[in-house]
Amino acid sequence: MEWQSTYSVGIEEIDNQHRELLGHFSTIGEAMVSKKSWSDVHFEIVKLKEFAHFHFRFEDALMSLYGCPQRERHNEIHVQFLREIESYERSSLRRQNDKEVMQLFTDWLVKHIQGDDRVYAHRIISGAKVVLTL
Ligand SMILES: [Fe+2]
Ligand SMILES: [Fe+2]
């Protein structure tokens, strides 16, 4: 899945992270098609999971910093998605790699970027004040 300018949420760092996430999906898909060993595919899924964790924590920190009201719900959506990646990771240990699931993940991510992520990003780029105090 190629990055497209319509995926931009208007915050460069977040766009870069989304680009990297999509890159992980492509790498996994390519590893499956090129019939790499199951362990190569598995390791790529682990890398995706770790990066998704990092990205979701990063977004949570931003939403917390700017007091985004949808933070809790947004995090629940992230947790649900991480569970699905973890279940996919377990299947890959059983050598069950389903390429269609990767497509579903990719579709989910694009929808999430253009929906929920755009909501918090819009709040930030339209001048929300930092609310987090030490
Ligand atoms: Fe995101
Ligand atoms: Fe998100």
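Criteria and cut-off values
- Residues numbered from 1 in each chain as written.
- Chains lettered and ligands numbered in written order.
- Predicted model: local features only at pLDDT ≥ 70, side-chain atom pairs only at ≥ 80, totals over all residues.
- Heavy atoms only, no water.
- Core = buried A, V, L, I, M, F, W, Y, C linked by side-chain atoms within 4.5 Å.
- Buried < 20%, exposed > 50% of the residue type's maximum accessible area, 1.4 Å probe, protein only.
- Helix = DSSP H or I, 4+ residues; strand = E, 2+ residues; numbered from the N terminus.
- Contact = heavy atoms within 4.5 Å.
- Phe/Tyr/Trp six-rings, centres within 6.5 Å; stacked < 30°, edge-to-face > 60°.
- Lys NZ or Arg CZ within 6 Å of the ring centre and 35° of its normal.
- Donors = N, O, S within 2.8 Å, 3.2 Å for Na, K, Ca; no water.
- Tetrahedral: all angles 85-135°; square planar, octahedral: opposite > 155°, others 65-115°.

Undergrad: Would you take a moment to explain the nonpolar core for this structure?
TA: Considering soluble globular proteins, one finds that nonpolar side chains tend to be buried as a cluster. Phe25, Ile28, Met102, Phe105 and Tyr120 are the most contacted members of the largest nonpolar core, which totals 32 residues. Mapped by element, the contributors of at least two residues to this core are helix H1 (12-33), helix H2 (38-65), helix H3 (71-93) and helix H4 (99-125). Once residues lying within four places of it in the same chain are set aside, the contact partners of Met102 are Phe25, Ile28, Met32 and Tyr88.

Undergrad: Would you mind showing me how to read the packing of aromatic side chains here?
TA: The way to describe two aromatic rings as a pair is by their centre distance and the angle between their planes. Scanning the entire structure with this criterion turns up eight aromatic pairs. When the ring of Phe51 is compared with that of Phe54, the centres are 5.6 Å apart and the planes differ by 45°; the resulting orientation is tilted. Taken as a pair, Phe51 and Phe54 lie in helix H2 at a separation of three residues, close to a single helical turn. Owing to a relative accessible area of 11%, Phe51 belongs among the buried residues under this scheme. Taken together, the ring pairs connect Phe25, Phe56, Phe81, Tyr88, Phe105 and Trp108 into an aromatic cluster. Over the face of the ring belonging to Trp3 we find Arg19, whose NZ or CZ atom lies 4.7 Å from the ring centre. Directly above the aromatic system of Trp38 lies the positively charged group of Arg95, at a separation of 3.9 Å from the ring centroid.

Undergrad: Would you mind showing me how to read the coordination of the iron ion (ligand 1) here?
TA: Around a metal, the perfect tetrahedron of four donors has angles of 109.5 degrees, and the perfect octahedron of six donors has angles of 90 or 180 degrees. Those donors, His18 (NE2), His55 (NE2), Glu59 (OE) and Asp117 (OD), are the protein atoms that reach the iron ion (ligand 1), and they lie 2.1 to 2.2 Å from it. The coordination sphere of the iron ion (ligand 1) comprises four donor atoms, whose angles at the metal cover 83 to 170°; the geometry is irregular. Along the chain, the residues donating to the iron ion (ligand 1) are arranged with the sequence spacing H-x36-H-x3-E-x57-D. Separating the iron ion (ligand 1) from the iron ion (ligand 2) is a distance of 3.5 Å, and Glu59 supplies a donor atom to each of them. With a gap of 37 residues between them, His18 in helix H1 and His55 in helix H2 connect regions that are remote in the sequence. Exposure class is identical for His18 and His55. Each is buried.

Honestly, that's just the spatial picture; any functional story needs more than this.
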